[in-house]
Amino acid sequence: MESHLSLSDQKFIHKFKAATLPPSLFNHEAHLRLAWLNIKRFGIKDGIVETCQLINAYVIALDAENKFNKTLTVAATKAVYHFMLKSELDSFEDFIDTFKRLKFNFKELMAAHYSFDIYNSEFAKKNYLAPDLLPFD
């Protein structure tokens with residue numbers, strides 16, 4: 001298996017919840033896919049909660065708790081939602097192909113919202129920090 005995209009949405013979620021998705025497949029794009037699926041299933045508010053809970057449980061199961069970043073997870077989910085509001089695409093692959101900025105210019109996108117480093121801050125890893133430059137939708 002080379003990519004998370006080789007899994008159906010249902011299988012991807014199942015493997016993620018069971019912590020049997022190989023860590024090599026949980027890349028940035030897979031993170032965005034998880035957010036997209038959870039927003040589709042639960043709406044933005046509960047989608048954020050579900051995405052945070054699933055990723056946190058996944059990294060704990062892999063003994064990699066230091067990999068979870070609450071601010072980044074919430075911000076990424078809100079960024080996905082922003083672009084979802086601009087389309088009615090039914091597949092994640094079509095979505096990410098349409099909004100390539102999420103995949104290829106994510107750090108620049110976050111820099112439009114945050115003037116400080118959300119990637120390395122221990123506080124940001126444990127607590128959601130709202131953007132200080134540009135709020136999310």
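In case you missed it, the structure is sitting above this.
Thresholds, definitions, all that
Residues numbered from 1 in each chain as written. Predicted model: local features only at pLDDT ≥ 70, side-chain atom pairs only at ≥ 80, totals over all residues. Heavy atoms only, no water. Helix = DSSP H or I, 4+ residues; strand = E, 2+ residues; numbered from the N terminus. Rg over C-alpha atoms; globule rule 2.2 N^0.38 Å. 1 Å grid on protein atoms, 1.4 Å probe; cavity = no way out; pocket = protein on both sides within 12 Å on 5 of 7 lines; lining within 4 Å. Points joined across faces, edges and corners; volume = space filled by probe spheres on them. Nonpolar A, V, L, I, M, F, W, Y, C, P; charged D, E, K, R; others polar. Contact = heavy atoms within 4.5 Å.

S.K.: Any chance you could break down the overall build of the chain for me, citing the residues and the numbers?
M.R.: Each helix and strand in the chain was counted, giving seven helices and zero strands. In the chain, the succession of α and β elements from N to C terminus is α-α-α-α-α-α-α. Relative to the 2.2 N^0.38 estimate, which gives 14 Å for 137 residues, the radius of gyration of the chain is 14 Å and therefore close to what a compact globule would have. Its C-alpha atoms put the chain at 40 × 35 × 25 Å along the principal axes.

S.K.: Go over the layout of surface pockets, please, and point to the residues and values.
M.R.: It is a probe the size of a water molecule, rolled over the atoms, that shows where empty space is left. Approximately 550 Å³ is the volume attributed to the largest pocket. For the largest pocket, the lining is made up of 21 residues, of which Phe26, His28, His31, Lys67 and Leu72 are closest to its centre. When residues of the lining of the largest pocket are traced back to their parent elements, those giving at least two are helix H2 (28–61), helix H3 (70–84) and helix H6 (106–111). Looking at the lining of the largest pocket, the element that brings in the most residues is H2, giving five residues. When the residues that make up the lining of the largest pocket are grouped by side-chain class, the tally is 13 nonpolar, five polar and three charged.

S.K.: Outline the side chain of His113, supporting the account with residue identities and numerical values.
M.R.: With respect to the secondary-structure elements, His113 resides in the loop between H6 and helix H7 (122–126). For His113, the residues in contact, after removing those within four places along its chain, are Pro131, Asp132, Leu133, Leu134, Pro135 and Phe136.

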